[in-house]
Amino acid sequence: MKKVAIIGAGPSGVLLAHYLLRRNDQYQIDIYERRSDPRNIAFSKVRSFPISLGDRGMSPIAQIPGLVTAVKAVSIEKVGTIIHQKNGKTKVTNRQKPLVTLDRTHLATVLLEKLLETHNQHINIHFNTQLIAVDFAAKKAKLQKISTSVNTEVEAEFTIDYDLLIGADGARSVVREYLSNTPDFEFEQNYVLNAYKSIFLPKPDPIPDVNLEKNKIHTWRLTGGISVLMLYQLDGAMSGVILFPYANNPIAKLTTVDEVLTFFRDNFPEISKLMPVSEAEEFLKRPISRVLTVRCNRYHYQDSVLLLGDAAHAVSPSIGQGCNSALEDVFIFNQLLDEYGDNLAIALENYSLRRHPDGMAVRELSDYSFPVSKKLFFEFLLLNTWTKLLHNIFPQRCLPPIFEAVFQDNLSYKEILDYYQNWISKVKASNIKFYANVENNKQSNSGE
Ligand SMILES: Cc1cc2nc3c(=O)[nH]c(=O)nc-3n(C[C@H](O)[C@H](O)[C@H](O)COP(=O)(O)OP(=O)(O)OC[C@H]3O[C@@H](n4cnc5c(N)ncnc54)[C@H](O)[C@@H]3O)c2cc1C
């Protein structure tokens, strides 16, 4: 039996455990997760946000019996997007196939519950335990128990050995950090120029005069690169995020509850009607979060280390592909284990070869599908309508609009990027110029 240590109990780490445990007792699995068991702690609004999954993410989930039903039980299907304009007018884009939307924490919890329900005897999950170092040559990893008690000062460290170490430990991966000491490994990480804060709107009682359809994703855009994305949850509450340029940050300037309420009333009236004072208070306290994107030139080391999901190719959330691609990673790795009869040396090497073009493409698509400038945004809406029309007439020759295509499991990211390369190059040039202007304005305002 091969000893597998999975670092990270996020969506990719836990789904991989499901897959490996179905491979005829060949793998003994331990999962190490820095955070506490999500089943035992109160839902944290600071660390969570809604995610949308299409077939790309749902097909890998569907391979595990009972998992789709469990995921759908905590999800809402969304059949399109409504773009709200400041004058109250709306633009609706309907999807050909609905998206499954749910909170990231709920997804990780459901995957975990099902894993323990099915494989309780064969899996060890160590919560509050973080990876701190790896010795690739000796195949040993050093971990540290994180104390949950304020009185315990000494946090125990211990070492494990492994045959296969899985870095499913997210964008700030420690496994990747150690991989960067191996020959010819190159990686690049950058912050997305947009930052975000979560927004939670409780189910209103009584329901105000706001027409926000439950089965649509709702977005609002302001000039200056500020946008809001809100989705209904199962319980009638709404959750989402406000995105804004990190440089020249308008949200950091809000310092009182009144300022928060005024900001939403002036800019996002529909949201303001649903925002109680208590949420304005919480919003003020929540930290501003930044997204780190990651690009690596390979995702494995010999026959014993593999990066999955955000650890390998974290992307901007703008087109909702981080989790979809992380779950697809697991599906592809499992396919390679089938193809190469669980020969890890060959399967890992081929994983990097097969997955790398898509890892690079999803990063480019995530950064540059969506324009920040208003002028190009209208062009984007036109392109959307035009490509939809063409796809309906010539489904074999023309791809659906980018936002449909990326969620499909029958098109690789590389194919989509090749098809939409002209548009992506145009947005790239425009977005880079836009953020350079924001940065220049910041410097001239601060007298630098
Ligand atoms: C605002 C926002 C919106 C998003 N919307 C979408 C969307 O609509 N669709 C979509 O597909 N994706 C979306 N994403 C991206 C998605 O959340 C991530 O891509 C996805 O969670 C990646 O899964 P993962 O398992 O690779 O990593 P993660 O979910 O980051 O999980 C990594 C786990 O590893 C643990 N860990 C980290 N370091 C260590 C360590 N040293 N030791 C032990 N454990 C460790 C962490 O605690 C964490 O639980 C969004 C992201 C953001 C920020």
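Bear in mind the structure is a predicted one, so any value in this text is a computation, not a measurement.

Rules of the game
- Residues numbered from 1 in each chain as written.
- Predicted model: local features only at pLDDT ≥ 70, side-chain atom pairs only at ≥ 80, totals over all residues.
- Heavy atoms only, no water.
- Near = heavy atom within 4 Å.
- Polar contact = N/O pair within 3.5 Å; in protein donor to acceptor, adjacent residues only side chain to side chain.
- Areas by Shrake-Rupley, 256 points an atom, 1.4 Å probe, with all protein chains shown as cover.
- Helix = DSSP H or I, 4+ residues; strand = E, 2+ residues; numbered from the N terminus.
- Buried < 20%, exposed > 50% of the residue type's maximum accessible area, 1.4 Å probe, protein only.
- Salt bridge = Lys/Arg side-chain N within 4 Å of Asp/Glu carboxyl O.

Draft legend 1. Local environment of the site of the ligand. Taken together, 31 residues form the shell around the ligand, and within it E33, S52, D310, C323 and N324 come nearest. Interatomic distance of 3.5 Å between a side-chain N/O atom of R35 and an oxygen atom of the ligand. A distance of 3.0 Å is found between a nitrogen atom of the ligand and a backbone nitrogen or oxygen belonging to L131. In the complex, 92% of the free accessible area of the ligand, which totals 1,000 Å², lies under the protein chains.

Draft legend 2. Representation of unusual backbone geometry. In this structure, Q302 is a non-glycine residue whose phi angle is positive, near 45°. Residue placement: Q302 occurs in the loop between strand 16 (300-301) and strand 17 (305-307). Even without glycine at this site, D342 takes up a positive phi of about 60°. Relative to the elements of secondary structure, D342 occurs in the loop between helix 10 (322-339) and helix 11 (344-368). By relative accessible area, which is 7% here, D342 ends up buried.

Draft legend 3. Here's a closer look at the pattern of salt bridges. Per the counting criterion, the structure on display carries 23 salt bridges. Across the pair E328 and R56 runs a salt bridge, and its minimum N-O distance is 2.9 Å. In this pair, E328 is assigned in helix 10 and R56 in helix 2 (residues 55-62), connecting sequence segments 272 residues apart. The two residues E328 and R56 agree in class, both being buried. Put simply, R286 and E279 hold a salt bridge, and the shortest N to O gap is 3.0 Å. Just as R286 is buried, E279 falls in that class too. If you follow the salt bridges from partner to partner, you end up with R56, E328, D329, R355 and D358 in one network.

Purely spatial values, then, with no claim about function.
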